[in-house]
Number of protein chains: 2
Amino acid sequence: MPVEQTAPRWDEETDVVVIGSGLAGLAAAIEAGAAGSSVVILEKMKGFGGNSTISDGVVAAAGTPMQAESNIVDTPRRMYDDMLKAGLGLNQPELVRILTEQSSEALQWTIDVLGVKYRDRIDQFGGHSVPRCFTTHNHSGSAIIKQQLHKLKEQGMKIRTRVLLKKILMNNRNRVSGVLVQEGYQYPESESGVEKRIKARKAVVLATGGFANDIALRTSQDPRLTREIGSTNKFSTTGEALREALRIGAMPVHLSWIQLGPWACPDEKGYGIGPDFASYIAFPYGILVNPQTGRRFVNELGDRKMRADAILQVGQPCIGLADEAGVRASGKSIARCLKKGIVKKFDTLEEIAEVYQIPIPSLKKTVETFNMGVDRGRDPEFDKPVVSNATPLKHLPYYGIRLWPKVHHTMGGVLINTRAQVLDLSHEPIDGFYAAGEVTGGIHGACRLGSCAITDCLVFGRIAGRNSAS
Amino acid sequence: MPVEQTAPRWDEETDVVVIGSGLAGLAAAIEAGAAGSSVVILEKMKGFGGNSTISDGVVAAAGTPMQAESNIVDTPRRMYDDMLKAGLGLNQPELVRILTEQSSEALQWTIDVLGVKYRDRIDQFGGHSVPRCFTTHNHSGSAIIKQQLHKLKEQGMKIRTRVLLKKILMNNRNRVSGVLVQEGYQYPESESGVEKRIKARKAVVLATGGFANDIALRTSQDPRLTREIGSTNKFSTTGEALREALRIGAMPVHLSWIQLGPWACPDEKGYGIGPDFASYIAFPYGILVNPQTGRRFVNELGDRKMRADAILQVGQPCIGLADEAGVRASGKSIARCLKKGIVKKFDTLEEIAEVYQIPIPSLKKTVETFNMGVDRGRDPEFDKPVVSNATPLKHLPYYGIRLWPKVHHTMGGVLINTRAQVLDLSHEPIDGFYAAGEVTGGIHGACRLGSCAITDCLVFGRIAGRNSAS
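All values derive from a computational prediction rather than experimental measurement.

Rules and cut-offs
- Residues numbered from 1 in each chain as written.
- Chains lettered and ligands numbered in written order.
- Predicted model: local features only at pLDDT ≥ 70, side-chain atom pairs only at ≥ 80, totals over all residues.
- Heavy atoms only, no water.
- Buried < 20%, exposed > 50% of the residue type's maximum accessible area, 1.4 Å probe, protein only.
- Helix = DSSP H or I, 4+ residues; strand = E, 2+ residues; numbered from the N terminus.
- Pairing = 2+ DSSP bridges.
- Right-handed = clockwise from strand over helix to strand, strands pointing away.
- Least-squares fit on C-alpha atoms with pLDDT ≥ 70 in both.
- Contact = heavy atoms within 4.5 Å.
- Salt bridge = Lys/Arg side-chain N within 4 Å of Asp/Glu carboxyl O.
- Disulfide = S-S within 2.5 Å.
- Axes fitted to C-alpha atoms, helices over the stretch in contact; angles between N-to-C directions.
- Parallel < 35°, antiparallel > 145°, perpendicular 65-115°, else oblique.
- Buried area = accessible area lost by both parts, 1.4 Å probe.
- Nonpolar A, V, L, I, M, F, W, Y, C, P; charged D, E, K, R; others polar.
- Domains from an automatic or database assignment.
- Polar contact = N/O pair within 3.5 Å; in protein donor to acceptor, adjacent residues only side chain to side chain.

1. With respect to the pairing of strand E2 (residues 39–42) of chain A
All names here are of chain A.
- Side chains of E2 alternate between two faces, with Val-39 and Ile-41 and Val-40 and Leu-42 buried alike.
- Relative to E2, strand E1 (residues 12–19) is paired through four bridges, and the arrangement is parallel. Bridge pairing links Ile-19 to Leu-42 in E2.
- In this view, the connection linking E1 to its parallel neighbour E2 by way of helix H1 (residues 23–34) has right-handed handedness.
- Bridge count for E2 against strand E6 (residues 159–160) is two bridges, and the pairing is parallel.

2. Overview of the relation of the copies chain B and chain A
- Here chain B sits on chain A after a turn of 180° about the axis and a move of 0.0 Å along it, with an RMSD of 0.0 Å. The transformation just described matches what one would write down for a two-fold rotation axis.
- When you check the interface residues of chain B against chain A, 100% turn up at the interface there too, and the contact is symmetric in its surfaces.

3. Remarks on the pattern of salt bridges
- What the rule picks out here adds up to 66 salt bridges over all chains.
- Note that Glu-12 of chain B and Arg-160 of chain B form a salt bridge whose closest N and O atoms lie 2.5 Å from each other. Taken together, the positions of Glu-12 of chain B in strand E1 (residues 12–19) and Arg-160 of chain B in strand E6 (residues 159–160) put the pair 148 residues apart, joining distant regions of the chain.
- You can call Glu-12 of chain B buried: its relative accessible area is 18%.
- Where Arg-224 of chain B meets Asp-222 of chain B, a salt bridge forms, and the shortest distance between an N and an O atom there is 2.8 Å.
- Here the salt bridges do not stand alone but share partners, grouping Arg-295, Arg-296, Glu-300, Asp-379, Glu-381 and Lys-384 of chain A into one network.

4. Considerations on the state of the cysteines
Residue and element names in this part refer to chain A.
- As enumerated under the stated definition, the model contains zero disulfides over all chains in all.
- You can see Cys-265 has no disulfide; the closest cysteine sulfur is in Cys-337, sitting 8.5 Å from it.
- The exposure class assigned to Cys-265 is buried, which follows from its relative accessible area of 0%.

5. Observations regarding the packing of helix H4 (residues 93–101) of chain B against helix H15 (residues 452–468) of chain B
Residue and element names in this part refer to chain B.
- At a minimum axis separation of 9 Å, H4 and H15 run at an interaxial angle of 95°. Here H15 runs roughly perpendicular to H4, going by the angle between their axes. Residue-level contacts link Leu-95, Ile-98 and Leu-99 of H4 to Cys-452, Thr-455, Asp-456, Val-459, Phe-460 and Ile-463 of H15.

6. A few points about unusual backbone geometry
All names here are of chain A.
- Cis geometry marks the peptide bond from Tyr-187 to Pro-188; its omega dihedral reads -5°.
- Along the chain, Pro-188 turns up in the loop between strand E8 (176–183) and strand E9 (194–206).
- With a phi close to 55°, Arg-162 is a non-glycine residue in the positive phi region.
- Note on placement: Arg-162 falls in the loop between E6 and strand E7 (163–170).
- By relative accessible area, which is 29% here, Arg-162 ends up partly exposed.

7. Regarding helix H10 (residues 304–314) of chain A
Residue and element names in this part refer to chain A.
- The set of residues buried in H10 consists of Arg-307, Ala-308, Asp-309, Ala-310, Ile-311, Leu-312 and Val-314.
- Next to the buried residues of H10 lie strand E12 (258–261), helix H9 (274–285), strand E13 (287–290), strand E15 (318–323) and strand E17 (398–403).
- After H10 finishes, the residue Gly-315 shows a positive phi value of roughly 95°.

8. What to know about the interface of chain B and chain A
- In this complex, chain B contributes 37 residues to the contact, which on the side of chain A involves 37 residues.
- Both faces considered, chain B and chain A share a buried interface measuring about 2,900 Å² in area, 59% of it formed by carbon and sulfur atoms.
- Our count for the chain B to chain A interface comes out at zero salt bridges.
- Residue assignment for the side of chain B that touches chain A shows that the elements contributing at least two residues are helix H7 (215–221), helix H8 (240–247) and strand E11 (252–253) of chain B.
- Residues belonging to the side of chain B that touches chain A are distributed by class as follows: 19 nonpolar, 13 polar and five charged.

9. A closer look at the domain arrangement of chain A
Residue and element names in this part refer to chain A.
- Per the domain assignment, the segments making up chain A are domain 1 (1–260 + 407–470) and domain 2 (263–404).
- Averaged C-alpha coordinates put domain 1 and domain 2 at centres separated by 35 Å.
- If you look at the interface, domain 1 gives 10 residues, while domain 2 gives nine residues.
- Across the domain 1/domain 2 interface, buried area totals approximately 860 Å², and carbon plus sulfur atoms make up 65% of it.
- The largest share of the area that domain 1 buries against domain 2 comes from Arg-224, Thr-232 and Leu-260, three residues that together contribute 49% of it.
- Inspection of the region where domain 1 meets domain 2 yields one salt bridge.
- For the interface between domain 1 and domain 2, the tally reads two residue pairs in polar contact (both at pLDDT 80 or more).
- In terms of residue class, the side of domain 1 that touches domain 2 is built from three nonpolar, four polar and three charged.

If you want it as C-alpha cells, here you go:
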C-alpha cells in the first residue's frame, strides 16, 4: 500500500501530535507540553479518555514509600519477575525493566503533579507476589484522566474530539512528518468529517489503545473471537490506527495474544457486575459447571487463559455456582447482581438444573464429589487450592451465574524501544514516531497482569512525551 | 517505508514469479506451468530445495486408500479436529478445512504425478488421533523435491539459484506487478549480485519458508530465542522475504508462535541424532533432570511447548537419563549417538552426577522416587503416563544426554485466504500476490503437528500455483 511521499500542503503545524486521549496519550501530552513543545491532542470519539475512563483505576507500583510504611518488601526486580512469569517469558525484558523501575515514580507523579487521590489499601492482584496495587479514590481510571485534564488546562492545552486519524504521513527521508485526519468525524462513519493535514515538526505519538472490539482484526489473529464474544471494552476500541502504523512499516508483536476474562457474564454488557460474583465467590468457594455434562471441567482458580479457553471449548455459556456460605465467606454483597438478574437464587439443585438445562444426576454427583473434596481439604478433580474458609456446597440458598468469556485486553501491538520509539521491520526506530499504552506490544507478553496496564500507559506515555519533544 | 509506485523498466517478463524452491514453491511452479503459464522460480541459495530437503519427509493425509487398506478409519474432519486441538483453536478454520480435505489428494499427487515412493508403514505422530503419517522411502523431504525437479524439467522449467528477493513491486493500482531481485547473490552479503527487475504479468508466489534462524525477527517476537538457542533448520532460514511482504501491507499472523524442539541436543548442529534418543528412550522410559537441583521438573511426555518452556526456565541444558532396559524396550539402536558422543554411557549414578554436575543425593532420591512410581504404575510427581513396558531405572549401564531446545518451526507468517491469496491489513486480497508454506501463518495456530508441514506446502503450494496462473 502506498505511503505519501510528496510534501503535502499542511493545514496546520505543531511540534507534537498525540493520537488518543486515554491515560497514555494525556501523559505524553503533559510531558511534551512541560518540555516546551506545542502539542495537538486528537481523539476520534465525542468524549475524551477512551477506554481508560472505564478501567478500574488500579496502578501497580513496586518499591513505593506506601508499601514500605506497610512493611511490604517489594522491588522493581520482583515486579519484573512477576510480569515475566505471567508473560511466559515473551515480554521484551528491557521494556519490562523500564516499566517496573519507573512504576513508583509514575504513581508518585499522579499524586504529586496531577493530584490524584488513592485509597489507603494496597491490594495484591492475581500474579503479583506482593501487595502493590493502588486504587484511585473512585475505583476508576477516570480519576486520573480528570486530573490529567486539569493539568493540560493549566498548560493551556485541550483535547480535540471527533478527529479521526486517516494516515500517518512520511517525508521522503522516511521520517514521520504529520498526519492526515478527518475533523468532525462521526463514529463509525469512516468517511465523515473534513480532511485536514497537520504537520508534526517533532513527532507523532500513537496512543490509541487496544483493538478488543475490532472483530476483523481480532478474528484474523484468534478466529474464536467472533462477534458472539463480547468485550469489557468500550465499543470504540478498534484497530484502525494500529493498522495504519503497520502500513507504514511498524513491527507487529504478539497480536494473537488476546486476553479474555473468564469471569464475564453474557447477560450484561461490558465488564459489568457479574465478574465480582464469579471471581470472589463462585471460583474460590464454588464450582464452574459445563451445562451439557453437569460436570466441572477446569480448575476454577487456574489462570485467565486456561479458564477462558476451557469455557470456549465447551462452546456455550457455563454455570458458576456457589451457596450462601460462600457469599458470607467472601465478605461481598451480591445484592446488585441479584437485583439485575445477573446472579440467580435457587433453593434446590433440581431448580438449578432446570433453569440452566443441566442433567440433574450428574450435577448432583458433581456437587457431592466437590463437597467431599472440601471436607478432605483437597480437590480430587482439578487440584484447585481449597481456600481455608471453604465449606461444602449445601448452605441454602444456592446462587448461579452464566459465564462466557469477553475480550479484555490485547497484549499485542507495535514494537517500541525503551525510548518509546516505534521500531520498523528492520528493528530500527521510525524517525519521529512514538507509541505508548495498549497500542504497543511486547511489554506484557502472553498475559497482562491486572493493574499493570495503567502503569504501562503512565510510564511509556511520559517517556514518549519527553522524547517526542526533544 | 516507500513502495515503488512508478512503472519500473523491466529486465524480463513472465507470467508467474515463484520465490523459493522448497516443497511449496515447486508445487506452485508445477501447477502454474501445467496451467500454461510461463514461470520463473527464484532461489536465494546456491542449492535448491531450501529447508524442505532436510525435513523428515513425512506427509500427513486423512482418508487415504492406504489407511482404508490397513483398516484405519480416518477422515479430513478428524484431522481437522486434531489440528485445531493442537493449535489451541487459533488456527484459521477455513484454511485447516482446505488442508485436511485436500491432504489425501496431495499425497496421491506426489505418488501419481511426481512418482514419489513411500514406505509401507503408516505412522501416528504426536497429536494425531490415528495413523496418517506417510514417510518417503529415504525418510527425507528431498525425495519429493527430487521428483518435483524431474517434473519441472519435463515441463521445461528450471530453478534459478543465487537470486535474492529485494523488493516486491506494486503498480499504481496496488497490484503486485513484479519483483526487484539480485542475481548472482552470495549469501549472506545482502548487497551482492546485480539488480534485475522481473515483471510478473499474472502473479508473484511467495514460498520462502520460515524464519527459524532469523535471530532479530524471532527475538522481537520471543526474546528468549537469542543466538544461544540453536535451530533444527538450515542457516538460510531467515525472514527477509516475510519482512518484505509485511512492508507492502500483508497481514501478519501468529508471529510469536515459534515452535521449539525439547528433544534437541546442544552438542550437535541442526536436528541431529540426539532427538531419537530423547524422544523414543529418555522421555518415555527415563527422566529429565535439572542439573542444578537433581530433580525432575516437567512431565517428560508433555507437549513440546510445555517441555521446551520448562527447560528454558531452568536456564541451562538439562539431562535426559535412561538405562539399558529403556533402550531395549524402545527397540532403537543408540550406537551412532554413543559413537558421536551425543549420548554418554555410565555405570553409576555417581558418575552421572560428576559428569553433569548434579548434586548426587537429590539425583539418587529422584531416581528412587521415579522407580517407585514405575513399580506402582503411577508417576507421583508429574502424572506422566507410565508406558506399559517400563521398568525401574536400575539396569546398567545408564545413558545420558544434554538437552537444550532448538527452534524448529515458525507457525506465524502472512495471512492467506483459501485461494492462497495474501491478505492485506484490511483483510482484502492483495491483487497478484499469493503465498504458501511456512512463510504463511494461521493454519497451524499455536502448534504445528509433526507431518502437517509438508501437507501444508503441497496443498497450498498447488492452490497458489493454480490460482496464480488464472
